[in-house]
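Below are the chains, spelled out letter by letter.
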Amino acid sequence: MASSQPQFRYTQPPSKVLHLRNLPWECTEEELIELGKPFGKVVNTKCNVGANKNQAFIEFADLNQAIAMISYCASSSEPPQIRGKTVYLQYSNRQEIVNNKTLADTAGNVLLVTVEGNEARQVSIDVLHLVFSAFGYVHKITTFEKTAGFQALIQFSDTQTASSAKNALDGRCIPSYLIPEIVEPCSLKITYSAHTDLSVKFQSHRSRDYTNPYLPVAASAIDTTGQLGLDGKKMEPESNVLLASIENMQYPVSLENIHMVFSTFGPVQKIAMFDKNGGVQALVQYPDVQTAVVAKDRLEGHCIYEGGYCKLHLSYSRHTDLSIKVNNDRSRDYTAPNPMMMAPQSSILGQQPHPMAGGGGAPYNWMQYGQTPEGYGGPPGNPGWGPGSGAQQSAPMQTHNYHYGPPGGPPQGSFP
């Protein structure tokens, strides 16, 4: 592509520092780093230089890396671009960038997160908020797509909180139960950003300001599958079918276990269990949406077995009527006549399930389930689903005769 402006300065001696011109307005450090990333490690940048603030400097860790970038761009038929603008490069007459902190050593309250994986672009802003808010209050999130892939800027209130999140999550994968529709794992690569306060003008599926619930909602963020609430969070479309993902599955969970737990809140019509992402998931169909909403609200985050084992994570499914072709130990249509007789389950009901690790576990007791104390109308304050139960047992797992917790307990002496 011909240009009246020389793209490279050939007479300047090589330097680790490159001078970039014709940059788009308010070009960010992240964009400069991504431009130089294929050639080596960018250790420092200086943005918005010049009267028009359309120039910048980048410094590589090694001189050969800078030479490689200049050589490639000089011989390539496609000049480097940022946001569609051709970038002109040349060696700088300086050997290092001064009066600017090194990016790798500068901690801040804003993190630059790159989601890696073939399906990374399907990770929603709500999933990112859920992951990072575990470490503190998330003020703002903006997401965008670069050559490096799907990225996000996540703003915390202070550097200490951001550092805690970075140290804990960098290199980790997003839990599969948070992204049940995504088959392949999505990992997080996290660095510090030079930003300190993100500018969010609209609440949308690409940006979110959690400090300002009255910020206008972008029209593009409202679609046929859901709407945004006042806080900008996308409202999940309700359904009569729940998708249950089971985390920390140290003990087997049968179809009967699933039926017992979910039938506490109303008649369960159909269940389909399947394996995905190395774990077990189940689709549970109720006759109406209202029953499913109540069950989801009460069961989300609870554990089928005490001690944090077999933790439930629920979301609404796009299905409304499951197609059950055969009744067996993985699928069941309870609306069909005598569903238990259609596919005998003696091999399942006639045995106690054995734990996957750590000793013997207690299966649900079908006959005793539901024998709650007279007049008991709901779950107590500490239902015994999670590790916070105060009950003392020699076994690390137990179940109680609660309204929505299966009764019975493990055989004594089953655990070391």
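Shown above is the structure to which this text applies.
Predicted, not measured: the structure shown is a model, and the values here were computed from it.

J.: Would you take a moment to explain the nonpolar core for this structure?
T.: In globular proteins that are soluble, nonpolar side chains generally tend to be buried together. Phe262, Tyr286 and Cys310 are the most contacted members of the largest nonpolar core, which has 29 residues in total. At the level of elements, strand E12 (241-247), helix H5 (255-263), strand E13 (270-276), strand E14 (279-285), helix H6 (289-299), strand E15 (303-305) and strand E16 (309-316) are the ones that each hand at least two residues to this core. Element by element, the count of residues in this core is highest for E16, at five residues. Discounting chain neighbours no more than four positions away, the residues touching tyrosine 286 are Asn240, Leu242, Phe262, Ser263, Phe265, Gly266, Pro267, Val268, Gln269, Thr291, Ala292 and Ala295.

J.: Please explain the sheet that holds strand E10 (residues 187-192) as it appears in this structure.
T.: Within a sheet, neighbouring strands are paired by backbone hydrogen bonds and run either parallel or antiparallel to one another. Here we have five strands laid out as an open sheet, ordered E10-E7-E9-E8-E11, and antiparallel in their pairing. Where the open sheet ends on each side, the last strands, each with one partner, are E10 and strand E11 (207-209). If you compare each strand with its neighbour and ignore which way they point, the axes differ by 20° on average. Here strand E7 (residues 110-116) runs beside strand E9 (residues 149-156); their pairing, made up of six bridges, is antiparallel. Bridged to valine 113 within E9 is alanine 152. Against the sheet, helix H3 (residues 125-132) engages E7, strand E8 (138-146), E9, E10 and E11, with an angle of about 130° to E8.

J.: For this particular structure, what's the right way to read the environment of lysine 276?
T.: For lysine 276, the location among the structural elements is in strand E13. Sequence separation of lysine 276 and glutamate 184 is 92 residues, and the distance between their C-alpha atoms is 10.0 Å. Apart from the residues within four sequence positions on either side, lysine 276 is in contact with Pro180, Glu181, Ile182, Val183 and Gln281.

Definitions and limits used
- Residues numbered from 1 in each chain as written.
- Predicted model: local features only at pLDDT ≥ 70, side-chain atom pairs only at ≥ 80, totals over all residues.
- Heavy atoms only, no water.
- Core = buried A, V, L, I, M, F, W, Y, C linked by side-chain atoms within 4.5 Å.
- Buried < 20%, exposed > 50% of the residue type's maximum accessible area, 1.4 Å probe, protein only.
- Helix = DSSP H or I, 4+ residues; strand = E, 2+ residues; numbered from the N terminus.
- Contact = heavy atoms within 4.5 Å.
- Pairing = 2+ DSSP bridges.
- Axes fitted to C-alpha atoms, helices over the stretch in contact; angles between N-to-C directions.

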